[in-house]
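So the chains spell out like this:
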Amino acid sequence: MSSSFRRVLSVPEFRVLFLAEILSILALVAVQITLSVLIFERTGSPLLSALAFALGFLPQLVGASLLSSVADRFPARRVMVIAQLVSGAVMACMAVPGTPVWVMLALLVVSGTVAPVYSGARSAAIADVLDRDGFPLGRSLLRMAAQTAQIAGFSFGGVLMLATSPAAALLVAAALMAVSGLLVGMGTRARPGREVAGGLVGSSWGGVREAFRLPRLRAVFLLTWVPASLFVWSEALAAPLAAGMGGGPMLVAMLLTAGPVGTVAGELLAGALLTAEQRRRWMLPLACATFVPSLLFLLNPGPVLAVVALVVGALGYGYTLALDALLLEATPEEMRGRVFSVASAGLMITQGAGFALAGAVAEFVPPHLAVALAGVGGLVAVAVFGRRFTRRSGQCGGVRVVG
């Protein structure tokens, strides 16, 4: 690992947040798998089973819109600890024998509503713990940890389901979430909250409106969310893509992991090999490079070329380090918690919408063409939403970021 990342990991408080994130992701993925299987066994309904995944994300819009000022007005450490303990308690309630399915889904809504508040407070804490140069590297490390933990989490959840009962698996997840919260409580310093005018809901909604009124911040949001919503199409269509190539479950797994593997490698390379100024200069070219290999799907590639194209394209995801730096710069200090909550919730929601849209498009065109269309759409999105950050509008190469 490069000296840049080592410098960030040498900060004790960040190491605590890093470990807490890994435990949190493992718990969340284990819960999603357990509930998906449990609900399907009880009801036989694919829709209700899918809701075990969807309901973890959709309520984030409510949390970010109505509760995000919690991440500003109260100390970040306290907010993070309470949020994790609430999530752990929700998971423990799900483990109570005989809990009705509708109660489980309602508890998922509670967990999803709390999630953006935790994310906003955590990002605000990272901004306090690390300097400006370290902030994007810290966010990158958390993303890489989340990607890796998510992949491991599916295996972890599967092993839990095989080795224990669903109730025991949910209790293990609850314990992991509680430990995550206690780590934050014991391993980070108490810092005061920020002055926030108005009531909880009013200041939260007002913060969202103010964030979107700031042109530079709005541009960062759009360049973060829209390309990401198109990037996930290959994952959303992994099963039909594999079927079209004559592959089975192993090819599905390879298609699903190609993107996460490439993004982790891409962020490592961007953080290790490029300075902060170089990352900004290459932000849009890297963003464009993320989608260029998807155009190969116009040729209906075989399994090997498809997986390689997805890995190579995902290497360009290192452009997000420059976006994180821009997000911090564009955010007023007194609004950090609210803005970071909105940024996190918006990313989750738009990626979820991307999954749904990919499936809808694939109802009318072959899956490989849908992935190619996502590549074209991604290039257009980068060109349109990246114009504010270029010397010459609409170009995808050799540009520098401007104010």
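Per-residue confidence for the protein chain averages 86 on the pLDDT scale, and 91% of its residues sit at or above 70. In this model, residues 397-403 is a region of pLDDT below 50 whose contacts with residues beyond four sequence positions or in other chains number 22 contacts.

A few words now on the packing of helix α7 (residues 101-129) against helix α19 (residues 336-361). Each pair of packed helices gets described by two things: the angle between the helix axes and the distance between those axes. Two elements in contact, α7 and α19, have axes separated by 7 Å at closest approach and are oriented at 125 degrees. As summarised for this structure, α7 and α19 are arranged oblique, according to the angle between their axes. The crossing of α7 and α19 is right-handed. Together, Pro 116, Val 117, Ser 119, Gly 120, Ser 123, Ala 124, Ala 127 and Asp 128 of α7 and Arg 336, Gly 337, Phe 340, Ser 341, Ser 344 and Ala 345 of α19 make up the contact between the two elements. In the contact of α7 with α19, the residues fall into six nonpolar, six polar and two charged.

Tallying each qualifying case throughout the model produces seven aromatic pairs. Both rings, one in Phe 14 and one in Phe 18, keep their centres 6.2 Å apart while their planes meet at 35 degrees; by these two values the pair is tilted. Placement of the pair is Phe 14 and Phe 18 together in helix α2 (residues 12-43), with a separation of four residues, close to one helical turn. When its relative accessible area of 0% is taken as the criterion, Phe 14 is described as buried. Every member of this aromatic cluster is reached through a ring pair, and the members are Phe 212, Phe 221 and Trp 225. Positioned above the aromatic ring of Phe 340 is the side chain of Arg 139, whose terminal nitrogen or guanidinium carbon lies 5.9 Å from the ring centre.

In this section: the packing of helix α14 (residues 249-273) against helix α17 (residues 303-314). Contact geometry for α14 and α17: axes closest at 6 Å, N-to-C directions at 20 degrees. What the angle tells us is that α14 and α17 run roughly parallel. In the crossing of α14 with α17, the sense of the turn from one axis to the other is right-handed. Of α17, the residues touching α14 (which contributes Leu 251, Met 254, Leu 255, Ala 258, Gly 259, Gly 262 and Thr 263) are Pro 303, Ala 306, Val 307, Leu 310, Val 311 and Ala 314.

Moving on, we get to the nonpolar core. Grouped together as the largest cluster of nonpolar side chains are 83 residues, with contacts concentrated most on Phe 14, Phe 221, Leu 255, Met 283 and Phe 297. Residues contacting Phe 297, with those up to four places away along its chain left out, are Leu 241, Met 245, Ala 306, Ala 309, Leu 310, His 368, Leu 369, Val 371 and Ala 372. Counting residues in each nonpolar core, the second largest holds 24 residues, with Leu 35, Ile 39, Leu 107 and Leu 108 among its members.

A few words on the side chain of Arg 279. Mapping Arg 279 onto the fold places it in helix α15 (residues 276-281). As a buried residue without a salt bridge, Arg 279 has its nearest oppositely charged side chain in Asp 133, at a separation of 6.3 Å. Beyond its immediate sequence surroundings of up to four residues, Arg 279 is in contact with Leu 137, Ala 270, Gly 271, Leu 274, Leu 321 and Ala 322.

A few words now on α17. For α17, spanning 12 residues, the distance from its first C-alpha to its last is 17 Å, which sits close to the expected 16 Å at 1.5 Å a residue. Those residues of α17 that fall on the buried side of the exposure criterion are Ala 306, Val 307, Ala 309, Leu 310, Gly 313 and Ala 314. All buried residues of α17 fall inside an arc of 160 degrees around its axis, so they share one side. For α17, the elements touching its buried residues are α11 (215-231), α12 (233-236), α14 and α16 (283-291).

Looking at the element boundaries, Arg 139 is found in helix α8 (residues 134-163). Excluding residues that lie within four positions of it along the chain, Arg 139 makes contacts with Ser 123, Asp 324 and Leu 327.

Below, the discussion takes up a nonpolar patch on the surface. On the surface, a nonpolar cluster with roughly 540 Å² of combined accessible area is contributed by Leu 269, Leu 273, Val 304, Val 308, Val 312 and Leu 315. Counting only elements with at least two residues in the nonpolar patch, the list comes to α14 and α17. The greatest single-element share of the nonpolar patch, amounting to three residues, is contributed by α17. Residue position: Val 308 is located in helix α17. Looking at Val 308, the relative accessible area reads 43%, which means it is partly exposed.

The next point concerns the environment of Tyr 319. Relative to the helices and strands, Tyr 319 resides in helix α18 (residues 319-330). Overall, the relative accessible area of 2% leaves Tyr 319 in the buried class. Residues Tyr 319 and Ala 253, 66 residues apart in the sequence, show an inter-C-alpha distance of 25 Å. With residues up to four places along the chain from it excluded, the contact list for Tyr 319 reads Leu 223, Pro 227, Met 283, Leu 286, Ala 287 and Thr 290.

Attention now goes to the pattern of salt bridges. In total, this model carries 10 salt bridges according to the counting rule given. In this structure, Glu 21 engages Arg 122 in a salt bridge whose closest nitrogen and oxygen atoms are separated by 2.7 Å. Here the residue Glu 21 occupies a position in helix α2, and Arg 122 occupies one in helix α7, the gap between them amounting to 101 residues. Each member of the pair Glu 21 and Arg 122 is classed as buried. For the salt bridge of Asp 128 with Arg 336, the shortest nitrogen-to-oxygen distance reads 3.6 Å. Residue Asp 128 is located in helix α7, and its partner Arg 336 is located in helix α19; the two are separated by 208 residues in the primary sequence.

This paragraph deals with unusual backbone geometry. Residues other than glycine seldom take positive phi values, yet Asn 300 does so here, at roughly 50 degrees. Position of Asn 300 relative to the elements: it lies in the loop between α16 and α17. The class for Asn 300 is partly exposed, based on a relative accessible area of 42%.

Here is what the cut-offs are and how they apply
- Residues numbered from 1 in each chain as written.
- Predicted model: local features only at pLDDT ≥ 70, side-chain atom pairs only at ≥ 80, totals over all residues.
- Heavy atoms only, no water.
- pLDDT = per-residue confidence, 0-100.
- Contact = heavy atoms within 4.5 Å.
- Axes fitted to C-alpha atoms, helices over the stretch in contact; angles between N-to-C directions.
- Helix = DSSP H or I, 4+ residues; strand = E, 2+ residues; numbered from the N terminus.
- Parallel < 35°, antiparallel > 145°, perpendicular 65-115°, else oblique.
- Left-handed = near helix turned anticlockwise from the far one by under 90°.
- Nonpolar A, V, L, I, M, F, W, Y, C, P; charged D, E, K, R; others polar.
- Phe/Tyr/Trp six-rings, centres within 6.5 Å; stacked < 30°, edge-to-face > 60°.
- Buried < 20%, exposed > 50% of the residue type's maximum accessible area, 1.4 Å probe, protein only.
- Lys NZ or Arg CZ within 6 Å of the ring centre and 35° of its normal.
- Core = buried A, V, L, I, M, F, W, Y, C linked by side-chain atoms within 4.5 Å.
- Lys, Arg positive; Asp, Glu negative; His and termini not counted.
- Salt bridge = Lys/Arg side-chain N within 4 Å of Asp/Glu carboxyl O.
- Expected span 1.5 Å × (residues − 1).
- Arc of directions from axis to C-beta.
- Patch = residues over 30% accessible without salt bridge, like charges linked within 9 Å, V, L, I, M, F, W, Y side chains within 5 Å.
- Areas by Shrake-Rupley, 256 points an atom, 1.4 Å probe, with all protein chains shown as cover.

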